[in-house]
Amino acid sequence: MMAIMVAFFGTIIAVNLTMAILASRTWTGLVVKNSYVASQQFNRDLEAAKVQNAKGWQSQLSYKNGEIRLRLKDKSGGLLTLDEANIFIGRPAFEQQDQQLPLALKADGVHFVKIEMDSGDWFVKIKGKINGASYRRDARFLVDEKLTGILQ
């Protein structure tokens, strides 16, 4: 009976320890460092999003051959360029691969950054300014070995 009890509780304890160790090595569960400050900025961010939507800016985001590309257009289809453009790249639930990089501009008006990404889910947050007005684009996408990148 003693061996059965030790095996039973030993299995439960081993599984719990394994799960706790795996969980602590991936995502901390922290979404924002200071929720009070984030709540104060929410209305400002919401207003900036409304202004951006009213301007009718359109964007095409793609990942191909180790490069994330962003093409911006105005309402009439004219090309837009970002000033002070940065991209934040990471996994939805794995902080160890998070990176913030500057976006460069090609001659054809496409913003880009070279980065090799493993297969799986990713998110990007792009921030910059267009003629002094704030621009932001958030996206999640899947990198598949068979496909070059599907952006949603």
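Before any of the text, the structure's been laid out above.
Caption draft 1: Fine view of the pairing of strand β4 (residues 83-91). The pairing of β4 with strand β8 (residues 120-130) spans six bridges and is classified as antiparallel. Looking at β8, one finds that F88 is bridged to K125. In terms of strand pairing, β4 meets strand β5 (residues 94-102) through five bridges, oriented antiparallel. From the neighbouring strand, I89 faces β5, where its bridge partner is Q99. Taken together, β4 and the strand that follows it, β5, pair antiparallel across an intervening segment of two residues.

Caption draft 2: Structural view of a nonpolar patch on the surface. Taken together, M1, I4, M5, F8, F9, I12, I13, L17 and I21 make up a surface patch of nonpolar side chains, about 930 Å² in accessible area. Looking at the element boundaries, M1 is found in the segment before α1 (2-25).

Caption draft 3: Quick look at the pairing of strand β2 (residues 67-73). Of the strand pairs in this sheet, strand β1 (residues 58-64) and β2 are connected by seven bridges, and their pairing is antiparallel. Across the sheet, the residue bridging to S59 is L72, located in β2. Where β1 folds back on β2, the antiparallel hairpin that results is connected by two residues, among which N65 adopts a positive phi of roughly 50°. Across two bridges, the pairing between β2 and strand β3 (residues 79-80) is antiparallel. Opposite K73, over in β3, you have L79 as the bridge partner. Taken together, β2 and the strand that follows it, β3, pair antiparallel across an intervening segment of five residues, in which G77 is found at a positive phi of about 95°.

Caption draft 4: Inspection of unusual backbone geometry at higher detail. The backbone phi angle of N65 is positive, close to 50°, even though this residue is not glycine. One can find N65 in the loop between β1 and β2. In this structure, N131 is a non-glycine residue whose phi angle is positive, near 50°. With respect to the helices and strands, N131 occurs in the loop between β8 and β9 (133-143). By relative accessible area, which is 73% here, N131 ends up exposed.

Caption draft 5: Examining the side chain of R91 more closely. In this fold, R91 is placed in strand β4. Of the side chains with opposite charge, D118 comes closest to the buried, unpaired R91, at an N-O distance of 4.2 Å. Side-chain polar atoms of R91 contact the side chain of Q97, separated by 2.9 Å. From its side chain, R91 meets the backbone oxygen of S119 in a polar contact 3.2 Å long. The contact partners of R91, leaving out residues within four places of it in the chain, are Q97, D98, D118, S119, G120, D121, W122 and F123.

What counts and what doesn't
- Residues numbered from 1 in each chain as written.
- Predicted model: local features only at pLDDT ≥ 70, side-chain atom pairs only at ≥ 80, totals over all residues.
- Heavy atoms only, no water.
- Pairing = 2+ DSSP bridges.
- Helix = DSSP H or I, 4+ residues; strand = E, 2+ residues; numbered from the N terminus.
- Patch = residues over 30% accessible without salt bridge, like charges linked within 9 Å, V, L, I, M, F, W, Y side chains within 5 Å.
- Areas by Shrake-Rupley, 256 points an atom, 1.4 Å probe, with all protein chains shown as cover.
- Salt bridge = Lys/Arg side-chain N within 4 Å of Asp/Glu carboxyl O.
- Buried < 20%, exposed > 50% of the residue type's maximum accessible area, 1.4 Å probe, protein only.
- Lys, Arg positive; Asp, Glu negative; His and termini not counted.
- Polar contact = N/O pair within 3.5 Å; in protein donor to acceptor, adjacent residues only side chain to side chain.
- Contact = heavy atoms within 4.5 Å.

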